[in-house]
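# Residue-level structure breakdown
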Amino acid sequence: MKGILNYIAELFYPPRCALCGELTEPGRKRECFCARCRGIWETEKNAVCPECRRRADECRCMPKYNVSHTVDSYRTAALYNSENVRAIIRKIKTDRDPALEALLARDIANLILKYHRIDGDSVLAYPQRARESVKKYGFDHAALLCDRVSGYIGIPVFRGIKHKSGKQQKTLSAHERGYNAVKSYYIPEKYKAQIKNKRVIFVDDVVTTGATTVVCAALCKAAGADSVSVFSIARTP
Ligand SMILES: [Zn+2]
Ligand SMILES: [Zn+2]
C-alpha cells in the first residue's frame, strides 16, 4: 500500500535534487541528490580547513566562543564556507526533505561512531528550534535530525534544551549572538536528572561562532553532564 501511495505522490511531486533542483532518477529508494550533486557533497566533505589544513572531519579548530572549552570537542562533516554547503544547510532548515535528513543524519552518525565512545552513559541532545521558526517552516529540523541519528546509532535523545523563543540568531551580530544565546536556551528543572553524569553528544546543523553550542553545553554541565561533544553538518572554519 505504501508503495502505491509513494508512486502516486511521485507522479504529482516528482523528487528533485536537494541541491540543484533537477529531477532525480526514479528508483525504489528515493535519493536526495542527483548523481552530480552526490559527487559535490562527497567533495565538500573532503574540503580542507584553511586554518589547520586538515580535512573537515579531522579539523579540531575551536569556534570563537569556546574560549574556556565549555564544549569538550567539535567534529563536523563539512565546512561552512562554500555556496553548496550553505544551500544544503538552508534546505534542511526551510524544506522538509526526509531523504536529505536521512543522508545528513547518516553522515553525523558516522562521525559519532568514528570519534566518540558510545555506552550506557551517552545521550544525544539538540537545541530546540525557536517557536517562531517552527511556526514559519512547520518543523524543528534539529529535532528531526537528532531523532534520525538516534535511529542509526541507538542511543536516547535528551529533549530538555528548550528555546525561550527570543530573537532569531541569524539576524544578530557575533557579539549579540553570544548574549542572545545566553538568554535563549534553558533546561527546565524536571529534565535535569536525565543528563546527570552523562556524556552529551550535541547534534547541530551548523556551528558558526559557537555561541549556541557553548551556552547549551554550559547548561548541560550545570545540570551535571560529564562532557559535551558537538557534531555538526557544517562548521565555519
Ligand atoms: Zn543535483
Ligand atoms: Zn581546522
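Placed above this text is the structure.
Just so you know, these numbers come straight off a predicted model, no measurement behind them. (Residues numbered from 1 in each chain as written. Chains lettered and ligands numbered in written order. Predicted model: local features only at pLDDT ≥ 70, side-chain atom pairs only at ≥ 80, totals over all residues. Heavy atoms only, no water.)

## Some thoughts on the nonpolar core
The condition is simple: To define a nonpolar core, start from buried Ala, Val, Leu, Ile, Met, Phe, Trp, Tyr and Cys residues and group those joined through side-chain atoms within 4.5 Å. The cut-offs for exposure are 20% and 50% of the maximum accessible area for each residue type, with area from a 1.4 Å probe on protein chains only; residues under the lower value are buried, those over the upper are exposed, and the others partly exposed. Secondary structure is summarised from DSSP: a helix means a run of H or I of at least four residues, a strand means a run of E of at least two, and numbering begins at the N terminus for each. Note on contacts: a residue pair is in contact if any heavy atoms of the two residues lie within 4.5 Å.
In this structure, Phe 33 and Leu 124 are the most contacted members of the largest nonpolar core, which totals 40 residues. Secondary-structure elements contributing two or more residues to this core are helix H2 (35-45), strand E1 (73-79), helix H3 (83-94), helix H4 (98-115), helix H6 (141-153), strand E6 (199-207) and strand E7 (227-235). Considering every element that reaches this core, the biggest residue donor is H4, with eight residues. Those residues in contact with Phe 33, other than ones at most four positions away along the chain, are Cys 17, Ala 18, Leu 19, Thr 24, Arg 38, Trp 41, Ile 88, Leu 100 and Leu 103. Among the nonpolar cores identified, the runner-up in size contains 21 residues, and Val 71, Ile 187, Val 200 and Val 230 belong to it.

## Description of the coordination of the zinc ion (ligand 1)
Six octahedral donors at a metal ideally form angles of 90 or 180 degrees, and four tetrahedral donors ideally form angles of 109.5 degrees. Heads up, the rule is: Counted as coordinating are nitrogen, oxygen and sulfur atoms within 2.8 Å of the metal, or 3.2 Å for Na, K and Ca, while water is not included, which may make sites look incomplete. Any coordination sphere not matching a tetrahedral pattern (four donors, all angles between 85 and 135 degrees) or a square planar or octahedral pattern (four or six donors, opposite donors over 155 degrees apart, other angles between 65 and 115) is reported as irregular.
Coordination of the zinc ion (ligand 1) by the protein comes from Cys 17 (SG), Cys 20 (SG), Cys 34 (SG) and Cys 37 (SG), over a distance range of 2.3 Å. Geometry at the zinc ion (ligand 1) is tetrahedral, judged from its four donor atoms and the angles of 104 to 117° they form at the metal. Read in sequence order, the donor residues coordinating the zinc ion (ligand 1) give the pattern C-x2-C-x13-C-x2-C. With relative accessibility at 3%, the residue Cys 17 sits in the buried group.

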